[in-house]
Amino acid sequence: MTSKITDLPVTAGETALAEDMSLNLSTGASGIISIENGKVYSNSRTVTVYITVSDDAKLYQISDSPNFIGAVWNTIPPSRIWIFDSHGEKRLYAKFADANGLESAPASDSIIIDTTPPFIGSVSINNGALATNSTAVTLNLSATDATTSVAQTKISNTPDFVSAEWESFTSTRLWTIPAGDGTKSVYVLLRDIVGKYLR
């Protein structure tokens, strides 16, 4: 750091003494961002970004590019809305500046955006058997989610799912079908880890 002193009298052959001075050393602003308060997943592309900064931070830039392409300096809010253009794992970057323009290193945070339900699901009874002489059967379940994972299932003997409750997804499930001869149907809902479900 350099400093400049003006109007100091200097006499030839004599020592000139300057008054004591204080130098204010700055290491620059700092800050962090948190997408949805640190959640791992979001079921919406629209998220809230929370911003925490040091006292000397005056301006910030935010971008989904580590190169801050197209980003501009703005005053710092406590939070702001950001809309991602697609689903999947997403990361935001932010940097901060003090009143002298000294910039911080980039801070970042990430989140997984999942806006679609499980896109493949199937159920069979007793591995696809055409008939059974028992109301006690085994359901064979399969499901796939493009972004996250299938977390829960709801099963019912009726399409209105009356009295059915969400339960942890498993590939096999013991089940009781209604008594009596004839064709029986079992209905299944699949829900992924962020709450999107496929009917």
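To start, this report covers the structure provided alongside it. (Residues numbered from 1 in each chain as written. Predicted model: local features only at pLDDT ≥ 70, side-chain atom pairs only at ≥ 80, totals over all residues. Heavy atoms only, no water.)

Section: the overall build of the protein
Helices and strands together make up the secondary structure of the protein, namely zero helices and 15 strands. The globule rule puts the C-alpha radius of gyration for 199 residues at 16 Å, and the 31 Å found for the protein is more than 25% above it. With respect to the principal axes defined by its C-alpha atoms, the protein has extents near 120 × 30 × 25 Å. A buried classification covers 29% of the 199 residues belonging to the protein. Long-range pairs, those at least 24 residues apart, make up 59% of the contacts in the protein with a sequence separation of at least 6. Split by element, the accessible area of the protein, about 12700 Å² in all, is 49% carbon and sulfur. Side chains of the protein give 14 positive and 20 negative charges; the mean places of these two sets differ by 13 Å. (Helix = DSSP H or I, 4+ residues; strand = E, 2+ residues; numbered from the N terminus. Rg over C-alpha atoms; globule rule 2.2 N^0.38 Å. Buried < 20%, exposed > 50% of the residue type's maximum accessible area, 1.4 Å probe, protein only. Contact = heavy atoms within 4.5 Å. Areas by Shrake-Rupley, 256 points an atom, 1.4 Å probe, with all protein chains shown as cover. Lys, Arg positive; Asp, Glu negative; His and termini not counted. Charge placed at Lys NZ, Arg CZ, Asp CG, Glu CD.)

Focus: the side chain of Asp145
Inspection of the secondary structure assignment puts Asp145 in the loop between β10 (136-144) and β11 (150-156). Within the local environment of Asp145, its side chain forms a polar contact with the backbone nitrogen of Thr147, the two atoms lying 3.1 Å apart. Within the structure, Asp145 has its side chain in polar contact with the backbone nitrogen of Thr148 (distance 2.8 Å). What Asp145 contacts, discounting residues up to four positions off in sequence, is Asp114, Thr116, Pro117, Pro118, Phe119, Val150 and Asp192. (Polar contact = N/O pair within 3.5 Å; in protein donor to acceptor, adjacent residues only side chain to side chain.)

A few points about the pattern of salt bridges
Tallied over the full model, the rule gives three salt bridges. The salt bridge involving Lys90 is made with Asp85; its shortest N-O contact spans 3.9 Å. Residue Lys90 is classed as buried on the basis of its relative accessible area of 17%. Taking the shortest distance from any N to any O, the salt bridge between Arg173 and Glu167 comes out at 2.6 Å. A residue is classified by how much of its surface remains accessible, and Glu167, at 24% relative accessible area, is partly exposed. (Salt bridge = Lys/Arg side-chain N within 4 Å of Asp/Glu carboxyl O.)

Details of the sheet that holds strand β1 (residues 31-35)
Taken together, the three strands give an open sheet; going across it, the order is β1-β3-β6, and neighbouring strands pair in antiparallel fashion. Every other strand in the sheet has two partners, leaving β1 and β6 (79-83) as the edge strands with one partner each. Between one strand axis and the next, the sheet turns by 30° as a mean value, whatever way the strands run. Two elements, β1 and strand β3 (residues 46-53), share five bridges in a ladder whose sense is antiparallel. (Pairing = 2+ DSSP bridges. Axes fitted to C-alpha atoms, helices over the stretch in contact; angles between N-to-C directions.)

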